[in-house]
Amino acid sequence: MNLYGHAVVASWRSGDAWHGLGSMLPDLAGIAGARPPTPLPTPLSEALRAGVALHHATDALFHAAPEFVALCADALDTLQRAGVPRGPARGTAHIAVV
């Protein structure tokens, strides 16, 4: 759902498919256990770079939202009380409330 959300937000800014890919690239790289290439390849670099920047800006706003912070804290507490270790519980709480 997180990838889809980033793609939707990107579509509000641009219909360029490379911009949409850039908006998902940080999470796709994380899923693959990799880092986005640096520097980004040309000639697509501007669209990809703009999408990556939008991804980070979107995450910053979302992660600062009091509702999101409260939902994550509640989910983390519930998971830890159920015996899930802190690291996996944090990751799961973040994904579960998105």
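This one's a predicted model, so the numbers in the text were calculated from it and none came from an experiment.

Each value, and the rule that gives it
Residues numbered from 1 in each chain as written. Predicted model: local features only at pLDDT ≥ 70, side-chain atom pairs only at ≥ 80, totals over all residues. Heavy atoms only, no water. Helix = DSSP H or I, 4+ residues; strand = E, 2+ residues; numbered from the N terminus. Buried < 20%, exposed > 50% of the residue type's maximum accessible area, 1.4 Å probe, protein only. Contact = heavy atoms within 4.5 Å. Expected span 1.5 Å × (residues − 1). Phe/Tyr/Trp six-rings, centres within 6.5 Å; stacked < 30°, edge-to-face > 60°. Axes fitted to C-alpha atoms, helices over the stretch in contact; angles between N-to-C directions. Parallel < 35°, antiparallel > 145°, perpendicular 65-115°, else oblique. Left-handed = near helix turned anticlockwise from the far one by under 90°. Nonpolar A, V, L, I, M, F, W, Y, C, P; charged D, E, K, R; others polar. pLDDT = per-residue confidence, 0-100. Arc of directions from axis to C-beta.

Undergrad: Outline the overall build of the chain, listing residues and values.
TA: In terms of helices and strands, the chain carries five helices and zero strands. Listing the helices and strands of the chain from first to last along the sequence gives α-α-α-α-α. Along the first, second and third principal axes, the C-alpha atoms of the chain reach 50 × 25 × 20 Å. Within the chain, the fraction of its 98 residues that count as buried is 29%. Taking as baseline every contact in the chain between residues at least 6 positions apart, the subset at least 24 positions apart corresponds to 54%.

Undergrad: Could you give an account of helix 3 (residues 45-64), naming the residues involved and the relevant values?
TA: For helix 3, built from 20 residues, the straight-helix expectation of 28 Å at 1.5 Å per residue is met to within 8% by its first-to-last C-alpha distance of 28 Å. For helix 3, the elements touching its buried residues are helix 1 (2-13) and helix 2 (17-32).

Undergrad: Just give me the short version of the packing of aromatic side chains, but keep the residues and values in it.
TA: In total, this model carries one aromatic pair according to the counting rule given. Centroid distance Phe 62 to Phe 68: 4.6 Å. Interplanar angle 50 degrees. Geometry classified as tilted.

Undergrad: An account of the side chain of His 6 is requested, with residue identities and associated values reported.
TA: Positionally, His 6 belongs in helix 1. With relative accessibility at 4%, the residue His 6 sits in the buried group. The residues touching His 6, leaving out its near neighbours within four places in the chain, are Ser 23, Met 24, Asp 27, His 55, Thr 58 and Asp 59.

Undergrad: Which residues make up the packing of helix 4 (residues 66-81) against helix 5 (residues 86-96), and what values go with them?
TA: For the pair helix 4 and helix 5, interaxial distance at closest approach is 8 Å and the crossing angle is 140 degrees. Classified by the angle between their axes, helix 4 and helix 5 sit oblique to one another. When you trace helix 4 past helix 5, the crossing you get is right-handed. Contacts between helix 4 and helix 5 involve Phe 68, Cys 72, Ala 75, Leu 76, Leu 79 and Gln 80 from the former and Arg 86, Ala 89, Arg 90, Thr 92, Ala 93 and His 94 from the latter. For the contact of helix 4 with helix 5, the residue count by class is seven nonpolar, three polar and two charged.

Undergrad: Please provide a residue-by-residue account of the environment of His 19, values included.
TA: Relative to the helices and strands, His 19 resides in helix 2. Sequence spacing of His 19 and Pro 85 is 66 residues, and the spatial spacing of their C-alpha atoms is 36 Å. Excluding its chain neighbours within four sequence positions, the residues that come into contact with His 19 are Ala 10, Arg 13, Ser 14, Ala 47, Ala 50, Gly 51 and Leu 54.

Undergrad: Hey, could you go over the confidence of the model for the chain for me, with residue numbers and the actual values?
TA: Residues at a pLDDT of 70 or more form 91% of the chain, whose mean pLDDT is 88. Mean pLDDT across the elements of the chain ranges from a minimum in helix 5, with 86, to a maximum in helix 4, with 93.

Undergrad: Describe helix 1, listing the residues and the values that go with them.
TA: Since the α-helix packs 3.6 residues into each turn, any two residues three or four apart lie on the same face. Spanning twelve residues, helix 1 covers 17 Å between terminal C-alpha atoms, matching the ideal 16 Å at 1.5 Å per step. Every buried residue of helix 1 is listed here: His 6, Val 9 and Ala 10. One face of helix 1 carries all of its buried residues, which in axial projection span an arc of 100 degrees. Relative to its buried face, helix 1 has exposed residues pointing more than 90 degrees away, namely Tyr 4 and Trp 12. Its buried side turned inward, helix 1 meets helix 2 and helix 3.

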